[in-house]
Amino acid sequence: MRQAASLQIPRSSKEVLMSDETRAKPTADEEVDARDVRKVRMGKVDELRAEGIDPYPHRFDRDHDIADVRDRFADLAAGDETDYKVKLAGRIVLMRGHGKLVFADLRDRTGSIQLFVSKSVVGADELSAFENLDLGDWVGVEGTVMASKRGELSVKLNGFEVLAKCLRPLPDKVKGLADVDTRFRQRYVDLVVNEDTRHVFNVRFKAINAMREWFHERGYLAVETPMLTMIQGGATARPFITHYNALDMDVYLRIAPELYLKRLIVGGLEKVYEIGRVFRNEGVDTRHNPEFTMVECYDAYADYHDMMTLTEELVSHVAKETIGTTKVTVRGQEIDLAPPYPRETMSDLIADKLDVRVHPSMPVEEVRAVMDQLDLTYKDEWGSGKLCDQIYDKLVQEDVLGPVFVIDHPREVSPLAKATPKDPSVVERFELIIEGRELANAYSELNDPTDQLERFEAEARNKAQGDVEAGDVDFDYVRALEYGLPPTGGMGLGIDRLIMLLTGKTSIREVILFPTLRPEVFADEPDEPLGD
RNA sequence: GCGCCUCUAGCUCAAUUUGGCAGAGCAACGGACUCUUAAUCCGUCGGUUCUGGGUUCGAGUCCCAGGGGGCGUACCA
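Predicted model, so just to flag it, every value in this text is computed and none were measured.

Definitions and cut-offs
- Residues numbered from 1 in each chain as written.
- Chains lettered and ligands numbered in written order.
- Predicted model: local features only at pLDDT ≥ 70, side-chain atom pairs only at ≥ 80, totals over all residues.
- Heavy atoms only, no water.
- Pairing = 2+ DSSP bridges.
- Helix = DSSP H or I, 4+ residues; strand = E, 2+ residues; numbered from the N terminus.
- Phe/Tyr/Trp six-rings, centres within 6.5 Å; stacked < 30°, edge-to-face > 60°.
- Buried < 20%, exposed > 50% of the residue type's maximum accessible area, 1.4 Å probe, protein only.
- Axes fitted to C-alpha atoms, helices over the stretch in contact; angles between N-to-C directions.
- Parallel < 35°, antiparallel > 145°, perpendicular 65-115°, else oblique.
- Left-handed = near helix turned anticlockwise from the far one by under 90°.
- Contact = heavy atoms within 4.5 Å.
- Nonpolar A, V, L, I, M, F, W, Y, C, P; charged D, E, K, R; others polar.
- Patch = residues over 30% accessible without salt bridge, like charges linked within 9 Å, V, L, I, M, F, W, Y side chains within 5 Å.
- Areas by Shrake-Rupley, 256 points an atom, 1.4 Å probe, with all protein chains shown as cover.
- Salt bridge = Lys/Arg side-chain N within 4 Å of Asp/Glu carboxyl O.
- Expected span 1.5 Å × (residues − 1).
- Arc of directions from axis to C-beta.
- Near = heavy atom within 4 Å.
- Polar contact = N/O pair within 3.5 Å; in protein donor to acceptor, adjacent residues only side chain to side chain.
- Lys, Arg positive; Asp, Glu negative; His and termini not counted.
- Charge placed at Lys NZ, Arg CZ, Asp CG, Glu CD.

Draft legend 1. Highlighting the pairing of strand E9 (residues 249–253). Pairing of strand E7 (residues 228–229) with E9 involves two bridges; the strand directions are antiparallel. Among the inter-strand pairings, Thr 229 is bridged to a residue of E9, identified as Tyr 252. Relative to E9, strand E8 (residues 241–244) runs antiparallel, the two being bridged by four bridges. Paired with Thr 242 across the strands is Val 251, a residue of E9. Hairpin connection, E8 to E9: the antiparallel pair is bridged by four residues, and Asp 248 has positive phi, about 45 degrees.

Draft legend 2. Representation of the packing of aromatic side chains. Considering all chains together, one arrives at 10 aromatic pairs under this definition. Taking 6.0 Å as the distance between ring centres and 70 degrees as the angle between the ring planes, the aromatic pair formed by Phe 456 and Tyr 477 counts as edge-to-face. Taken as a pair, Phe 456 in helix H16 (residues 449–464) and Tyr 477 in helix H17 (residues 475–483) lie far apart in primary sequence, 21 residues in all. In this pair, the class of Phe 456 matches that of Tyr 477, namely buried.

Draft legend 3. Representation of the packing of helix H10 (residues 195–217) against helix H18 (residues 495–503). Axis separation between H10 and H18 bottoms out at 10 Å; the angle between their running directions is 125 degrees. In terms of orientation, H10 and H18 fall into the oblique class. Classified by chirality, the crossing of H18 by H10 is right-handed. Between H10 and H18, the residues in contact are Val 200, Val 203, Arg 204, Ala 207, Ile 208 and Met 211 and Ile 495, Asp 496, Leu 498, Ile 499, Leu 502 and Thr 503, respectively. Grouping the constituent residues of the contact of H10 with H18 by class yields nine nonpolar, one polar and two charged.

Draft legend 4. Region of interest: the sheet that holds strand E15 (residues 404–410). Pairing is mixed across the open sheet formed by eight strands, whose spatial order is E6-E10-E11-E18-E17-E16-E15-E14. The open sheet is flanked by strand E6 (221–222) and strand E14 (343–345), the only strands paired with a single partner. Two strands pair when backbone bridges link them, and E15 and strand E16 (residues 426–434) are joined in this way by six bridges, in the antiparallel orientation. Its bridge partner being in E16, Val 406 is matched across the sheet by Glu 431. Across the sheet, H10 lies against strand E10 (271–279), strand E11 (291–300) and strand E18 (488–494), angled at about 150 degrees from E10, the strand it touches most. Of the strands in this sheet, E11, E14, E15, E16, strand E17 (437–444) and E18 touch helix H12 (residues 304–323), which is tilted by about 10 degrees from E16.

Draft legend 5. Geometry of a nonpolar patch on the surface. On the surface, Met 230, Ile 231, Tyr 244, Leu 247 and Met 249 cluster together to form a nonpolar patch covering roughly 430 Å² of accessible area. For Ile 231, a relative accessible area of 31% corresponds to the partly exposed category.

Draft legend 6. How the structure looks around H10. The terminal C-alpha atoms of H10, which comprises 23 residues, lie 33 Å apart, in line with the 33 Å expected from a rise of 1.5 Å per residue. At the exit of H10 stands Gly 219, carrying a positive phi of roughly 85 degrees.

Draft legend 7. Up close: helix H14 (residues 364–373). Listed in full, the buried residues belonging to H14 are Val 364, Val 367, Val 370 and Met 371. End-on, the buried residues of H14 take up no more than an arc of 120 degrees, which puts them together on one face. Summarising the geometry of H14, the exposed residues directed more than 90 degrees from the buried face are Glu 365 and Gln 373. Phi turns positive one or two residues past the end of H14, at Asp 375, with a value near 65 degrees.

Draft legend 8. Fine view of the protein's contact with RNA strand B. Surrounding RNA strand B, one finds 56 residues, the nearest of these being Arg 150, His 288, Lys 394, Arg 497 and Arg 509. Sugar plus phosphate, as a fraction of atoms of RNA strand B within 4 Å of the protein: 62%. Between RNA strand B and Arg 518, the relevant distance is 3.1 Å, taken from a phosphate oxygen to a side-chain nitrogen or oxygen of the residue. Those elements giving two or more residues to the surface near RNA strand B turn out to be helix H4 (28–35), helix H5 (37–50), strand E1 (81–97), strand E2 (101–108), strand E3 (111–118) and helix H8 (180–185). The dominant element in the surface near RNA strand B, judged by the number of residues it contributes, is E1, at four residues. Grouping the constituent residues of the surface near RNA strand B by class yields 17 nonpolar, 14 polar and 25 charged.

Draft legend 9. Looking closely at the pattern of salt bridges. For the coordinates displayed, the defined rule picks out 34 salt bridges. For Asp 65, the salt bridge identified is with Arg 62, shortest N-O distance 3.5 Å. Linked by salt bridges that have partners in common, Arg 41, Lys 44, Asp 134, Asp 137 and Lys 165 make up one network.

Draft legend 10. View of the pairing of strand E12 (residues 327–330). Burial of E12 is one-sided: the residues Val 328 and Val 330 facing one way are buried, the residues Lys 327 and Thr 329 facing the other way are not. Note that E12 and strand E13 (residues 333–336) share four bridges and pair antiparallel. By the bridge assignment for E13, Val 328 is matched with Ile 335. Adjacent in sequence and paired antiparallel, E12 and E13 are bridged by two residues, among which Arg 331 carries a positive phi angle near 50 degrees.

Draft legend 11. Expanded view of the side chain of His 64. Along the chain, the position of His 64 falls in the loop between H5 and helix H6 (66–72). For His 64, a relative accessible area of 13% corresponds to the buried category. Engagement of the side chain of His 64 in a polar contact is seen with the side chain of Asp 63, the distance being 2.7 Å. Excluding anything up to four places from it in sequence, His 64 contacts Val 69, Tyr 84, Lys 85, Val 86, Lys 87 and Leu 88.

Draft legend 12. Spatial organisation of a negative patch on the surface. A cluster of acidic residues, Glu 282, Asp 380, Glu 381, Asp 467 and Glu 469, forms a negative patch on the protein surface. Mapping Glu 381 onto the fold places it in the loop between H14 and helix H15 (384–396). Judged by its relative accessible area of 57%, Glu 381 is exposed.

Written as structure tokens, this is what we have:
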């Protein structure tokens, strides 16, 4: 990538390309320029200015989207012409010159349509000005709707204006842009040339809208809670740390909004949800980006059974709204997201797959024996619950096709969930597993302040012993619980993973507009020292 | 973090069993063409083969180091 330095256009090229005289007798300089698409196009910008035309005008009054025109004239017969006038705006994506006739494809966000530019309508000067456009230019056009002899719906141009020049050549009009690195770094180009990319993000935008509407209709309040936090909590993850100058203290970027949302339930808001970014200072791979989007919702008086119903309804609703079906195909396997999803205990899933029966209530020695037998490593401080969770996590989950609600998680790995009445070693919690991945996580929220404080303290002890993922004691949260958190069901769902599911993408970067990447090196730019 | 793979024109890709003048399509530029659909036809231009070393008479190709990216793996949602 050689952006920065070459952005400086030599003065000479301006003069060379502006003058008709020098154009008639090409200089050596100009021949060099002709190889450089950017310089040629910058020359065209100068030419426009020389003619008194602003190549970057301030606005354009369009009166139709391209889709409007297509809908309205869907039945126009080949060769028919109308006197219906339209003003459209968009990018020129294809051009087919034909002497005294030029065809071009104009695209806006609703679709594309053919432009029909005839010398007999616009005159020689305007036709040649149009031919002088480049692929990628933004233009505003005015014309009448017609269908070509071959039946292609078209706009017969009366006039056009450049809205912004495209100085850089677009990638191959057929093959598009395939280089993954460039696609992610220059997403704007990816979006221009790759239909599939536009589709993926349309699904994403629609899914989030559908989700907001769905919560709104059910009386949930859309709330916003802090992203800069003083206390690490709400999930088990390593946080990003940044510095707040005014208070001269380090703060965390949130790893989950959970503890704030439940404070709002204490405050009596009863039904809340938040869709937003969370940040986890962990590795990057096809399923993980350091910043990702999740939705969390909390419902007073509900428990985790209610949240299961809510989750399966939400997921299937969003699927129908975005891709029109609840059936999705991932890696050749068809999965139906229509409810209800089966409920399976973690212990049963382990027994089915590995033919061993373990449970968090078992003596730790017995579970350790199973770990040994399965060749799994463990730490001395881990109890039966953590060991069971490890067995499930390492050996079982990846083979769960789902959708299935895995229930009865060990209390030891669920510091914010309420234990089941029948068995204090497991909690009222579920994870929605699809294709071996955790899509959602929910529980009957722990609302006993004394119990909660003990669990925080256990975490803080782990943190003091070097566990970077363990949280702090959130005294304010405990105080909130002392004011009374009603029985509450809460659920969190990873939106990026849901979009992967809906679009069949196997990499999370395909569903995030600007995924986290290493900084780009600009070859022509001197290295800027960035500290060490 | 570790392992494997990969990087050639603006874009998409070629370049023979360790090696022998770096090529094509699209885009661009010049020209022809009033119904094309990735228009077509004629002509022209375009390269630090990711970077730096090394082996060799000779390196896109082989070796070493570095960089970007992908996949797998670990932590994790």
